[in-house]
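Examination of the molecular architecture
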Amino acid sequence: MKRPGRTLAEVLAVLAAAAIAFPLYWMVLSALKPESEVISSDPKPWTLQPSLDNFTRVLTTQGFGRYFLNSVLVALVVVALSLLISFLAATALTRLRFRGRTLLLVMLLVAQMVPVEALTIPMFFLMRSVGDAVPAFGLNQLGGLVLVHLAFSLPFAIWMLRGFVAAVPVELEEAATLDGASRQRFLWQVLFPLVAPGLVATSVLSFIHAWNDFLFAKTFIISASENQTLPLALLAFFKPDQNDWGAIMAGSTLMTVPVLVFFVLVQRRLVSGLAGAVKG
Amino acid sequence: MARNGKRVLAWLPPMAPSVVLLGLFVVGPIAWCLYAAFTNTALTGIAARRPQFVGLDNFKNLFTSADVGASLWLTVLFVLGSAVVGQNGAGMLLAVFMQRRSRVLRGIVGTIVVAAWVLPEVVAAFAVYAFLNTNGTLNEVLGALGLGGQNWLYTAPLFAVVLANIWRGTAFSMLVYQAALSEVPSDLTEAAEVDGAGPVRRFWHVVLPVIRRTVVTNLMLITLQTLGVFALIFVLTAGGPDNKTRTLPLLMYEQAFKFGQIGYGTAIAVVLLALGAVFSLVYIRSLKTEV
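Computed from a prediction, not measured in an experiment: that's the story for all the values here.

The next point concerns the UniProt feature "transmembrane region" (unreviewed entry) in chain B. All names here are of chain B. Mapped onto this numbering, the UniProt entry gives "transmembrane region" (unreviewed entry) at residues 12–38, 72–96, 108–132, 152–177, 219–241 and 261–284. Helix makes up 100% of residues 72–96 and strand makes up 0%, while its end C-alpha atoms are separated by 34 Å. Across residues 261–284, helical content stands at 96% and strand content at 0%; the span's end C-alpha atoms are separated by 35 Å.

This part is about the domain arrangement of chain A. Residues and elements named next belong to chain A. When cut into domains, chain A gives domain 1 (1–51) and domain 2 (63–279). Counting residues at the interface gives five residues for domain 1, matched by seven residues for domain 2. Note on domain 1 versus domain 2: buried area summed over both sides is about 500 Å², and carbon and sulfur give 78% of it. Our count for the domain 1 to domain 2 interface comes out at zero salt bridges. Run the count over domain 1 and domain 2 and you get zero residue pairs in polar contact (both at pLDDT 80 or more).

Attention shifts here to the environment of B:K258. All names here are of chain B. Along the chain, the position of K258 falls in helix α14 (residues 248–258). Overall, K258 belongs to the exposed group, its relative accessible area being 62%. Distance from K258 to V85, taken between C-alpha atoms, is 33 Å for residues 173 residues apart in sequence.

Looking now at the interface of chain A and chain B. Of the residues lining the interface, 84 residues belong to chain A; the matching set on chain B comes to 80 residues. Carbon and sulfur atoms supply 82% of the area buried between chain A and chain B, which totals about 7,100 Å² over both sides. The tally of links from chain A across to chain B stands at zero salt bridges. It is helix α13 (residues 245–279) of chain A that provides the largest number of residues to the side of chain A that touches chain B, a total of 17 residues. The residue inventory of the side of chain A that touches chain B, partitioned by class, reads 67 nonpolar, eight polar and nine charged.

The subject of this paragraph is the UniProt feature "transmembrane region" (unreviewed entry) in chain A. Residue and element names in this part refer to chain A. Here the UniProt-annotated "transmembrane region" (unreviewed entry) positions come out as residues 7–28, 67–90, 102–125, 145–165, 186–208 and 245–266. Taken end to end, residues 145–165 comprises 100% helix and 0% strand; its first and last C-alpha atoms sit 29 Å apart. Annotated as 100% helix and 0% strand, the span residues 245–266 places its first and last C-alpha atoms 32 Å apart.

So, on to the packing of helix α4 (residues 64–95) of chain A against helix α10 (residues 196–212) of chain A. Residues and elements named next belong to chain A. In contact at an axis separation of 9 Å, α4 and α10 are set at 145° when each is read in the N-to-C sense. In the packing of α4 onto α10, the handedness of the crossing is right-handed. Along the contact surface, α4 presents F68, S71, V72, A75, L76, V78, V79, S82, L83 and F87, while α10 presents L199, T202, S203, S206, F207, A210 and W211. When the residues that make up the contact of α4 with α10 are grouped by side-chain class, the tally is twelve nonpolar, five polar and no charged.

What counts, and where the lines are drawn
- Residues numbered from 1 in each chain as written.
- Chains lettered and ligands numbered in written order.
- Predicted model: local features only at pLDDT ≥ 70, side-chain atom pairs only at ≥ 80, totals over all residues.
- Heavy atoms only, no water.
- UniProt positions renumbered as here; feature names shortened; annotations may be inferred.
- Helix = DSSP H or I, 4+ residues; strand = E, 2+ residues; numbered from the N terminus.
- Domains from an automatic or database assignment.
- Contact = heavy atoms within 4.5 Å.
- Buried area = accessible area lost by both parts, 1.4 Å probe.
- Salt bridge = Lys/Arg side-chain N within 4 Å of Asp/Glu carboxyl O.
- Polar contact = N/O pair within 3.5 Å; in protein donor to acceptor, adjacent residues only side chain to side chain.
- Buried < 20%, exposed > 50% of the residue type's maximum accessible area, 1.4 Å probe, protein only.
- Nonpolar A, V, L, I, M, F, W, Y, C, P; charged D, E, K, R; others polar.
- Axes fitted to C-alpha atoms, helices over the stretch in contact; angles between N-to-C directions.
- Left-handed = near helix turned anticlockwise from the far one by under 90°.

And the structure:
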């Protein structure tokens with residue numbers, strides 16, 4: 001027998017999901033509508049003539065492809081470097097006892113508690129100085145964005161991976177050593193694959209952060225418009241006087257697809273990773 | 001001695017990249033904030049090349065300025081409304097509703113909620129704008145019901161950004177609580193049920209105490225994320241109308257990069273950092289007491 005409370009909960013959950021889904025639906029719908037329907041004063045919640053005009057308009061004009069590639073490049077490099085660096089750090093912090101270890105752990109926790117946006121101003125000057133020494137990592141350069149996102153992705157990534165590394169029994173390392181495997185070999189051929197679920201979860205979070213970033217791209221890429229990333233390019237579409245909603249929504253849809261694909265691929269592993277990190 | 005040297009060789013190489021990056025990009029900037037907030041550093045001009053130490057001047061101006069007071073208050077309201085009450089509450093409700101439901105339902109609802117979460121802030125802002133503006137979907141619906149519409153972004157801007165942030169951010173809390181709820185021993189809730197406790201009392205007196213640590217940690221994480229929200233508000237309202245949604249990050253950005261007052265902007269950043277520290281301390285204390 002089904003109790004009314006259960007049904008009510010199910011109905012509420014579905015209603016909430018529908019409310020959350022609606023703006024998403026509207027985004028994709030507006031992107032597919034022909035122009036005359038988008039600006040119509042009586043918009044309908046469906047379209048009978050879906051067209052890809054908006055998408056082609058976005059993709060062919062305003063260097064959208066370039067910005068898209070910039071965003072992809074930054075996000076992928078951040079993910080790759082963040083994985084390597086946080087894996088090494090998490091392993092050292094879990095497996096080795098050394099002076100200063102506790103201090104580093106506390107630093108990691110504090111770093112997670114800082115609203116990074118508050119550091120925008122010093123970062124701006126830091127990037128400017130770095131640029132004087134190594135131009136490729138300074139203001140107006142994608143390399144600079146990579147460094148910033150990499151640094152801010154580390155605290156959570158290390159914290160999360162620590163749990164995964166700790167879950168691998170120490171006996172395994174001893175066995176590998178007995179079998180004659182070097183430390184490096186154990187690290188990369190045994191431990192690295194074993195913590196793969198954790199690596200996947202951390203990489204999603206770093207990808208999302210780098211891909212979605214708006215404030216740092218806006219602040220650090222000032223004059224080199226060819227190095228702009230997607231969020232800023234989208235905002236260039238968003239002009240109060242000539243709202244081209246078809247193009248805005250097509251661009252938004254294009255920008256959402258990569259994160260969504262990335263996320264759906266690894267959703268299950270992310271949940272277990274998050275649970276471990278928050279409980280920790 | 002030799003042993004010590006060998007130990008350093010073991011931990012230093014793997015830690016070095018992290019230590020350098022975190023030192024350079026997290027510790028360094030925080031320290032710089034604490035210094036620059038006491039200077040008259042500017043973006044351009046003489047004060048840019050030779051900043052002077054001005055003591056507490058920035059903070060005196062800050063705390064006598066009606067702008068900053070209003071902005072601080074707005075930030076607190078935004079955090080309480082959208083994170084502590086909104087995302088946290090909605091995330092918990094959704095997690096509870098979906099507990100022990102069919103795979104299909106959990107899959108569909110979960111995917112939708114998470115889709116809003118991975119949405120880039122800029123895109124989320126566009127979607128909410130399309131929903132709330134004068135010709136937006138909400139007004140169409142209200143019109144169809146015979147109710148008058150209005151420009152929600154103009155008449156209720158704070159409500160609009162709070163709603164946008166709840167819409168976007170609920171998934172994180174939901175995921176965290178789903179994981180936590182699945183680990184509550186079922187014999188506990190069943191025993192309470194046998195004793196005649198209804199669902200609300202079971203949740204309040206049995207489940208909540210078990211997952212309390214997770215709740216506090218989650219609150220801390222979403223509070224700190226929400227404190228820094230910039231793009232969502234910037235794109236939706238740009239802090240307006242009439243500065244009614246100009247939270248601390250927007251005020252900081254405006255002062256520093258629009259007006260070039262780096263010292264003053266940094267002082268606002270310090271207030272933002274301090275606000276984060278205050279929230280964190282409250283949460284950490286609540287974890288320590290009544291264990």
